[in-house]
Number of protein chains: 4
Amino acid sequence: MSQTEPPASTVSSWRHRLHEVIFEADTPAGKTFDVFLLLAIFASVVTVSLETVEELENHKPLFLRIEWCLTILFTIEYGMRLLCVRRPVRYATSFFGVVDLLAILPTYLSLLFTGAQSLAVIRALRFLRAFRIFKLARMLREASELRKAIWDSRGKIVVFLTTVVTVVTIAGPAMYLVESPEWNPGREVQSQFTSIPQAMYWAIVTMTTVGYGDVVPQTALGKLLSAALIMVGYSLIIVPTGFVSAELVGLKRAVSTQACPHCMSEGHDLDAKYCKRCGNKL
Amino acid sequence: MSQTEPPASTVSSWRHRLHEVIFEADTPAGKTFDVFLLLAIFASVVTVSLETVEELENHKPLFLRIEWCLTILFTIEYGMRLLCVRRPVRYATSFFGVVDLLAILPTYLSLLFTGAQSLAVIRALRFLRAFRIFKLARMLREASELRKAIWDSRGKIVVFLTTVVTVVTIAGPAMYLVESPEWNPGREVQSQFTSIPQAMYWAIVTMTTVGYGDVVPQTALGKLLSAALIMVGYSLIIVPTGFVSAELVGLKRAVSTQACPHCMSEGHDLDAKYCKRCGNKL
Amino acid sequence: MSQTEPPASTVSSWRHRLHEVIFEADTPAGKTFDVFLLLAIFASVVTVSLETVEELENHKPLFLRIEWCLTILFTIEYGMRLLCVRRPVRYATSFFGVVDLLAILPTYLSLLFTGAQSLAVIRALRFLRAFRIFKLARMLREASELRKAIWDSRGKIVVFLTTVVTVVTIAGPAMYLVESPEWNPGREVQSQFTSIPQAMYWAIVTMTTVGYGDVVPQTALGKLLSAALIMVGYSLIIVPTGFVSAELVGLKRAVSTQACPHCMSEGHDLDAKYCKRCGNKL
Amino acid sequence: MSQTEPPASTVSSWRHRLHEVIFEADTPAGKTFDVFLLLAIFASVVTVSLETVEELENHKPLFLRIEWCLTILFTIEYGMRLLCVRRPVRYATSFFGVVDLLAILPTYLSLLFTGAQSLAVIRALRFLRAFRIFKLARMLREASELRKAIWDSRGKIVVFLTTVVTVVTIAGPAMYLVESPEWNPGREVQSQFTSIPQAMYWAIVTMTTVGYGDVVPQTALGKLLSAALIMVGYSLIIVPTGFVSAELVGLKRAVSTQACPHCMSEGHDLDAKYCKRCGNKL
């Protein structure tokens, strides 16, 4: 997205204009293009999704036709992007360049191989462009505040995730052992903790309070351990919430770092023009 | 609810009084009316609910009688509302006007068509009037603070929801692919991710830690992806909690209610001696 | 617990002393009594619980013997409480007095009626005395801060609960309708939303992210509505967290309301002895 | 980890150097050792985990060979640790010393007894060393802030846990009674609340919003009670989140690091000019 705009003297004016429409969202034409692109991507995701619904089997020819139309549109868009950027190779090898290519390939490949069609779901990755909507809706400030709050808490999030992984690594094998047939010789029902990775999957699902219930303890000791893990997990998981809250409270309480030139007092609001202590101009 | 009170000179005094009782909650009569109306709506929702319970099948005639009584009461109320407002059409086409009509129609229609009865559940929409209780319980300040906190965070909530939708749009198809029979040729059990919309439904249920367990991954790769989505989802979902906390902390940080006597600006710190806008003494 | 201590002149000294031991936790004897009572209650709850475990059927005589011992102990304690308070009737009709009686009755009744035994679980109510542990562990300040934070947010919690109840009242009937056989004529599987109360139970389980999975939507429209309710519920439910956070942040930021007698500056810390602005004694 | 470094004069220099490499992470050699050790522990946990996966049965000889290699490595490490610390007995009886021994024993025991192999999962406890990664990644400050926030809230967490345990102790038996066959004579389906401990396990799973769904209420009264418990539980569980948030917000509210030159007291506000304890100029 950080393509530098080519100076008007080195490229023909229509390439310049095309670049402006496709890559920037500040002009009316650019905004219109972005809105239409997002709608097309959305339609494409919906079509690929509905194709997989068995109840709509008899509408499949319609879906296929829409998919082909959108694929051709996306191909033209991809071509135009290659055409109007100054460094096509750099775009083509960038993350979004690869995604744009992967989004159109499966439909063409489906002409050659059966089964390639199923790869059309890769197209969903194009939905990452949905973040452009912040630019359209003038929500860049909110988005960047959010990003900053998460970024500033990254150290604590790493500490938190390490703790979670450690607890999962210890709780998983423990539950596997406790629920294993060797520890419960007389039990008829088979353990749902069929392997340690399965037990770790259960530990993650449990600690985050998702609790599918596809794997549950069946022995008394297993249920006791499970209750303990739930309490530990719950105590752990409230911590990052607190962090992000604290970061965001801190962001909101930003005061000017400017000191009053007359009485040297600090802590003035960002919008203050006069010192609140001595009344002189800041 | 923002009906302007008609001046006493243009309407007969009983219409004026009726308007006061029905539409306002400040007079004792208005309060009594509101309490009775809320009780009647509550009774109506309970009756319609109990009618659907199979175990109470033999009490159905009783429920039907209560329903008819309440419907007649509501019809009278609807008529009175039309009668006492200055602009009946405007009320009839307002949100609450339409809801009030929809609440009584199904019972009358059930005389003409069988099956219309099932539409009686629309009556539950009348329960939206429950919010009037804040007025009765003098909790308007709390309600409006809450509304303000949510409203002020709307930008961040949009950013958050966009992120969730994007993650769901990408995780759903990915899981569908990973769990599909084409990727797992030898498996006997059928994939529970029968279509991409189903997979997206799973992604929402998982990311919000609801975790019904009606759709769960069965392959090793699927469980790994699932665990990853849970961790991503969990990290995402703590963010709006932090926002609302920060907003509410900000609300509580009291500023002086004193306005500057010179420029009338507000929002000065409690310890400010001089106006931060014009520099004059407070 | 607010029994006023009887003056030593009106009661014999042993009754006075007994009162001190049983009702107060400040003396060493009172503390020892409290610890033993909590242990006895805990043992009693464990015994009644284990009695219901089928695997331990053959230990039942042992459990019964323990239960009888504890019942006799509790009876003696109840008698002593009646004996040493100045107004026995007031104690006997107080909440804890009734609970203390209900805890011992079922065991005696089981001699007369079979089945009375199952009422022994009422004994669990005695566990409410566990809150006395705060007094023992010198955590009264924390407990009262917590109570204050919840109490101060009560207005907002009422607003929040009203909103939840309203959403449940509207979402429940809507799901019942959408999943009903009338709306899905060709479907083989039976709707799990068998009645509106059942649908409301589902709505509560879903909105609070508990998500048992015993009732789940099966139609496409039902799943869409469900996903919408989850998002609404999630947005709603983060709000009270924010409230309590904000209240607690406010509690921590308490500053002294005392102004400096020399320079009149405010905002001194609660533990400040000298003015932080002019250095004079506060 | 708090082994005091032995003075160079009392131990041979190679033992001193070995101690530095194994027990400290400040030198390059110590860091390299820590990274390799963590990788070896990780590989060991993965191997033991994969051994239990039925699908990988035919790779078992490979896993066994890796396990033996790692066990021998860990044995050498254990020996070196014993060799280089000044007080080997104190290390051997410390928590990590016991864990290090338990991690290698099962593999050797498996030569003597069949079944001892299953104890290899104890090795997962070694993963507790993962916390050393904070030292490597220079995240000690974040880790200690987190620890401080949790430690400072310990009083409130105890109050909270007592409340949860009390609610579980009362809700469990209540549900057991309500769902018991004695209270529901005509019901065909068997109660899933087979015993009071099971009912308590359900109460914990429900209150923390995990909601497996392996135990669910089936009667109308049971569902009502369940909905009530969910609401109570939800109200309770938001409280510790608020605590940790408030603690962390408090931590962020920086105070001056300047100590009073006269009384050495700390914690002065950033804008303080005079010591709040002794009144002297800062």
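Residues numbered from 1 in each chain as written. Chains lettered and ligands numbered in written order. Predicted model: local features only at pLDDT ≥ 70, side-chain atom pairs only at ≥ 80, totals over all residues. Heavy atoms only, no water.

**Here we look at the overall build of chain A**
Phase 1 of the analysis: When helices and strands are counted, chain A shows 10 helices and 0 strands.
Phase 2 of the analysis: In chain A, the succession of α and β elements from N to C terminus is α-α-α-α-α-α-α-α-α-α.
Phase 3 of the analysis: Residues classed as buried in chain A amount to 49% of the 282 residues present.
Phase 4 of the analysis: Nonlocal contacts in chain A, meaning residues at least 24 apart in sequence, comprise 54% of its contacts between residues at least 6 apart.
Phase 5 of the analysis: Summed over its atoms, the accessible surface of chain A is roughly 13,600 Å², and 67% of this surface lies on carbon and sulfur atoms. (Helix = DSSP H or I, 4+ residues; strand = E, 2+ residues; numbered from the N terminus. Buried < 20%, exposed > 50% of the residue type's maximum accessible area, 1.4 Å probe, protein only. Contact = heavy atoms within 4.5 Å. Areas by Shrake-Rupley, 256 points an atom, 1.4 Å probe, with all protein chains shown as cover.)

**Topic: the packing of helix α8 (residues 154-179) of chain B against helix α9 (residues 196-207) of chain B**
A pair of packed helices can be characterised by two numbers: the angle between their axes and the separation between those axes.
Residues and elements named next belong to chain B.
Phase 1 of the analysis: Between α8 and α9, the least distance of the axes is 8 Å, while the angle of their chain directions is 125 degrees. Our classification of the angle between α8 and α9 gives oblique. Considering the relative orientation of α8 and α9, their crossing is right-handed. Contacts between α8 and α9 involve V164, V167, V168, T169, G172, P173, M175 and Y176 on the former and, on the latter, I196, A199, M200, W202, A203, I204 and M207.
Phase 2 of the analysis: Classifying every residue of the contact of α8 with α9 by side-chain character gives 13 nonpolar, 2 polar and no charged. (Axes fitted to C-alpha atoms, helices over the stretch in contact; angles between N-to-C directions. Parallel < 35°, antiparallel > 145°, perpendicular 65-115°, else oblique. Left-handed = near helix turned anticlockwise from the far one by under 90°. Nonpolar A, V, L, I, M, F, W, Y, C, P; charged D, E, K, R; others polar.)

**Some words on the environment of P28 of chain D**
Phase 1 of the analysis: Position of P28 of chain D relative to the elements: it lies in helix α2 (residues 28-51).
Phase 2 of the analysis: Residues P28 of chain D and C69 of chain D lie 41 residues apart in sequence; the distance between their C-alpha atoms is 25 Å.

**Details of the pattern of salt bridges**
All names here are of chain B.
Phase 1 of the analysis: Following the criterion strictly, the structure yields 8 salt bridges over all chains and no others.
Phase 2 of the analysis: In this structure, the salt-bridge partner of E77 is R81, at a minimum N-O distance of 2.6 Å. Of this pair, E77 and R81 are both found in helix α3 (residues 60-84), 4 residues apart, which corresponds to roughly one turn of the helix.
Phase 3 of the analysis: When its relative accessible area of 5% is taken as the criterion, E77 is described as buried. (Salt bridge = Lys/Arg side-chain N within 4 Å of Asp/Glu carboxyl O.)

**Comments concerning the nonpolar core**
Phase 1 of the analysis: Among the nonpolar cores identified, the biggest contains 189 residues, and W202 of chain A, W202 of chain B, W202 of chain C together with W202 of chain D are the most heavily contacted of them.
Phase 2 of the analysis: Beyond its immediate stretch of four places on either side in the chain, W202 of chain B contacts Y212 of chain A together with M175, F193, V215, P217, S226 and L229 of chain B.
Phase 3 of the analysis: Judged by nonpolar contacts, the second largest core, of 30 residues, contains A143 of chain C together with A149, F243 and V244 of chain D. (Core = buried A, V, L, I, M, F, W, Y, C linked by side-chain atoms within 4.5 Å.)

**Quick word on the side chain of T208 of chain D**
Phase 1 of the analysis: Turning to its location among the elements, T208 of chain D is positioned in the loop between α9 (196-207) and α10 (220-252).
Phase 2 of the analysis: Engagement of the side chain of T208 of chain D in a polar contact is seen with the backbone oxygen of V205 of chain D, the distance being 3.5 Å. (Polar contact = N/O pair within 3.5 Å; in protein donor to acceptor, adjacent residues only side chain to side chain.)

**A closer look at the packing of aromatic side chains**
Phase 1 of the analysis: In the structure shown here, the tally under the stated rule is 20 aromatic pairs over all chains.
Phase 2 of the analysis: Between F95 of chain A and F96 of chain A, the aromatic rings sit 5.5 Å apart at their centres with planes inclined by 75 degrees, giving edge-to-face as the arrangement.
Phase 3 of the analysis: Classification of F95 of chain A as exposed rests on a relative accessible area of 51%.
Phase 4 of the analysis: One aromatic cluster in this structure is built from F23, Y78 and Y91 of chain A.
Phase 5 of the analysis: Against the face of F23 of chain B rests R81 of chain B, its NZ or CZ located 5.1 Å from the ring centre. (Phe/Tyr/Trp six-rings, centres within 6.5 Å; stacked < 30°, edge-to-face > 60°. Lys NZ or Arg CZ within 6 Å of the ring centre and 35° of its normal.)

**Looking at the environment of T107 of chain D**
Phase 1 of the analysis: For T107 of chain D, the location among the structural elements is in helix α5 (residues 95-112).
Phase 2 of the analysis: T107 of chain D sits 43 residues away from L64 of chain D along the chain, and the two C-alpha atoms are 9.5 Å apart.

**Looking at the packing of α3 of chain B against helix α5 (residues 95-112) of chain B**
All names here are of chain B.
Phase 1 of the analysis: For the pair α3 and α5, the least separation of the axes is 10 Å and the interaxial angle reads 140 degrees. Classified by the interaxial angle, the pair formed by α3 and α5 is oblique. By crossing handedness, the relation of α3 to α5 is classed as left-handed. Residue-level contacts link E67, W68, T71, I72, F74, T75, Y78 and R81 of α3 to G97, D100, L101, I104, T107, Y108 and L111 of α5.
Phase 2 of the analysis: The class makeup of the residues in the contact of α3 with α5 is 8 nonpolar, 4 polar and 3 charged.

**What to know about a nonpolar patch on the surface**
Residue and element names in this part refer to chain B.
Phase 1 of the analysis: A cluster of nonpolar side chains, contributed by V98, L101, L102, L105, L109, L111, L112 and F113, occupies part of the molecular surface with about 690 Å² of accessible area.
Phase 2 of the analysis: Topologically, L112 is positioned in helix α5.
Phase 3 of the analysis: Its relative accessible area of 66% is what places L112 among the exposed residues. (Patch = residues over 30% accessible without salt bridge, like charges linked within 9 Å, V, L, I, M, F, W, Y side chains within 5 Å.)

**Brief notes about the side chain of T52 of chain B**
Phase 1 of the analysis: Relative to the assigned elements, T52 of chain B resides in the loop between α2 (28-51) and α3.
Phase 2 of the analysis: You can call T52 of chain B buried: its relative accessible area is 17%.
Phase 3 of the analysis: Side-chain polar atoms of T52 of chain B contact the backbone nitrogen of I196 of chain C, separated by 2.8 Å.
Phase 4 of the analysis: If sequence neighbours within four positions are ignored, T52 of chain B has contacts with Y176, T194, S195, I196 and P197 of chain C.

**Considering the environment of A40 of chain B**
Residues and elements named next belong to chain B.
Phase 1 of the analysis: On the secondary structure map, A40 appears in helix α2.
Phase 2 of the analysis: Note on A40: relative accessible area 14%, which makes it buried.
Phase 3 of the analysis: Along the sequence, A40 and F95 sit 55 residues apart, while their C-alpha atoms lie 20 Å from each other.
Phase 4 of the analysis: Contact partners of A40, with chain neighbours within four places excluded, come to L70 and F74.

**Comments concerning the confidence of the model for chain A**
For residues with low pLDDT, the predicted coordinates do not support detailed interpretation.
Residue and element names in this part refer to chain A.
Phase 1 of the analysis: Averaged over every residue, the pLDDT of chain A is 79; the share at 70 or more is 80%.
Phase 2 of the analysis: The secondary-structure element of chain A with the lowest mean pLDDT is helix α6 (residues 133-136), recorded at 68, while helix α9 (residues 196-207) shows the highest, at 93.
Phase 3 of the analysis: Here the prediction assigns the complex a pTM of 0.82, and the interface score ipTM is 0.80. (pLDDT = per-residue confidence, 0-100.)

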